[in-house]
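One letter stands for each residue in the lines below.
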Amino acid sequence: MTDSLRPLVAGNWKMNGSRAMTRDLLVSLGAALDGAGGAPCEIVVCPPAPYLADAARALASIPGIALGAQDCHAAASGAHTGDIAAGMLADLGCLYTIVGHSERRGDHGEASATVKAKAAAAIAAGLGAIVCVGETGADRAAGRTEAVVSEQLDGSLPDGAGAESCVIAYEPVWAIGTGQTPTPAEIGEVHASIRARLDRHLACGVRILYGGSVKPENAAAILAIAHVGGALVGGASLDADAFWSICRSCP
Ligand code: PGA
């Protein structure tokens, strides 16, 4: 993968949308991209798995937008009913997959060891792994933000992960879908500590995204914070104008 230092904005559609919405949204984004004469950053859309094939078809004529998935299984194949292997995602044209989103850690009891195995599987399949970490509101109130994020980072990153294969998304759980965000100083503090930790373990240049209630209104301020290398966007990625506006806010 290339563009390791270019800001990356990824849209996590979660369990939302339809085939029609997938086509419409990507056509609108493609038109915006054409109108602008190119992409202002690396752009990735992560639709629900059933719509990945439709999205891949739509994106075949939109070279400035890459396809990503929301999760993968740790195994390459086998008896795992309902699960999706990273190789299948690569086969469909995905370049990235999110792993360890807090909704997967919460809804499916995924511990960091599982996230690490999934990230390793993604990388082995040639995908970029977008590895999510983030504290709960209770962790933050207890002054445990840095400890929790460091623990998740250490436990979730596969050996040998580097800027080519891995992206970190710092997503405070309490900021996801709530409209609340940390202050720029708080985001800067966590990103600086993640950067310092990554530089001890990995090659430099791994991008650290911020995620949690990123909107057109706050995107420019968040994306300008030191060590913020892009955004992972949930709700606002379901609206082409809002998502495009966030992409255009990259410095
Ligand atoms: P949000 O979600 O932008 O809707 O807060 C972000 C995420 O969960 O990735």
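Bear in mind that the values here come from a model prediction, so they are computed numbers and not experimental data.

(A) Quick look at the overall build of the chain. Scanning the chain from N- to C-terminus turns up 10 helices and eight strands. Taken over C-alpha atoms, the radius of gyration comes to 17 Å for the chain, in line with the 18 Å a tight globule of 251 residues would show. Projected onto its principal axes, the C-alpha positions of the chain cover 45 × 45 × 30 Å. Considering the chain as a whole, with its 251 residues, one finds that 53% of them fall into the buried category. Sequence-distant contacts, at least 24 apart, represent 72% of the contacts inside the chain between residues at least 6 apart.

(B) Spotlight on helix α7 (residues 145-156). If you check α7, its first and last C-alpha atoms are 16 Å apart, about what 12 residues at 1.5 Å a residue would give, namely 16 Å. All buried positions along α7 are accounted for by T145, V148, V149, S150, Q152, L153 and S156.

(C) The arrangement of the nonpolar core in detail. Ranked by size, the top nonpolar core spans 63 residues in total, and within it L26, L29, V45, V131, I168 and I194 carry the most contacts. Tallying contributions element by element places helix α10 (residues 240-248) first for this core, with six residues. Residue contacts for V131: discarding those within four places in its chain leaves V99, V115, A119, S156, L157, C166, V167, I168 and A169. Formed by 13 residues, the second largest nonpolar core is a distinct cluster that contains Y96, I98, I130 and L209.

(D) The packing of helix α5 (residues 112-124) against α7, seen in detail. One way to put it is that α5 packs onto α7 with a least axis distance of 7 Å and a crossing angle of 45°. With respect to their mutual orientation, α5 and α7 come out oblique. Relative to α7, α5 is oriented so that their crossing is right-handed. Contact with α5, carried on its side by S112, A113, V115, K116 and A119, involves Q152, G155 and S156 of α7 and no other residues of that element. Its residues assigned to classes, the contact of α5 with α7 shows three nonpolar, four polar and one charged.

(E) Structural context of the site of the ligand. In the vicinity of the ligand there are 13 residues, among which K14, H101, E171, G177 and S213 approach most closely. At a separation of 2.7 Å, an oxygen atom of the ligand approaches a polar backbone atom of S213. Here the ligand has 280 Å² of accessible area as a free molecule, and 97% of this is covered by the chains. Classifying every residue of the shell around the ligand gives four nonpolar, seven polar and two charged.

(F) How the structure looks around the pattern of salt bridges. Under the criterion given, the structure shown has 12 salt bridges. R19 is paired through a salt bridge with D54; the nearest N and O atoms lie 2.7 Å apart. Of this pair, R19 sits in helix α1 (residues 19-36) while D54 is found in helix α2 (residues 52-59), placing the two residues 35 residues apart along the sequence. Residue classification places R19 among the partly exposed residues on the basis of a relative accessible area of 47%. Judged by its relative accessible area of 8%, D54 falls in the buried class. Where R57 meets D54, a salt bridge forms, and the shortest distance between an N and an O atom there is 2.9 Å. With R57 and D54 both in helix α2, this residue pair falls three residues apart, about one helical turn. Its relative accessible area of 55% is what places R57 among the exposed residues.

What counts, and at which threshold
- Residues numbered from 1 in each chain as written.
- Predicted model: local features only at pLDDT ≥ 70, side-chain atom pairs only at ≥ 80, totals over all residues.
- Heavy atoms only, no water.
- Helix = DSSP H or I, 4+ residues; strand = E, 2+ residues; numbered from the N terminus.
- Rg over C-alpha atoms; globule rule 2.2 N^0.38 Å.
- Buried < 20%, exposed > 50% of the residue type's maximum accessible area, 1.4 Å probe, protein only.
- Contact = heavy atoms within 4.5 Å.
- Expected span 1.5 Å × (residues − 1).
- Core = buried A, V, L, I, M, F, W, Y, C linked by side-chain atoms within 4.5 Å.
- Axes fitted to C-alpha atoms, helices over the stretch in contact; angles between N-to-C directions.
- Parallel < 35°, antiparallel > 145°, perpendicular 65-115°, else oblique.
- Left-handed = near helix turned anticlockwise from the far one by under 90°.
- Nonpolar A, V, L, I, M, F, W, Y, C, P; charged D, E, K, R; others polar.
- Near = heavy atom within 4 Å.
- Polar contact = N/O pair within 3.5 Å; in protein donor to acceptor, adjacent residues only side chain to side chain.
- Areas by Shrake-Rupley, 256 points an atom, 1.4 Å probe, with all protein chains shown as cover.
- Salt bridge = Lys/Arg side-chain N within 4 Å of Asp/Glu carboxyl O.

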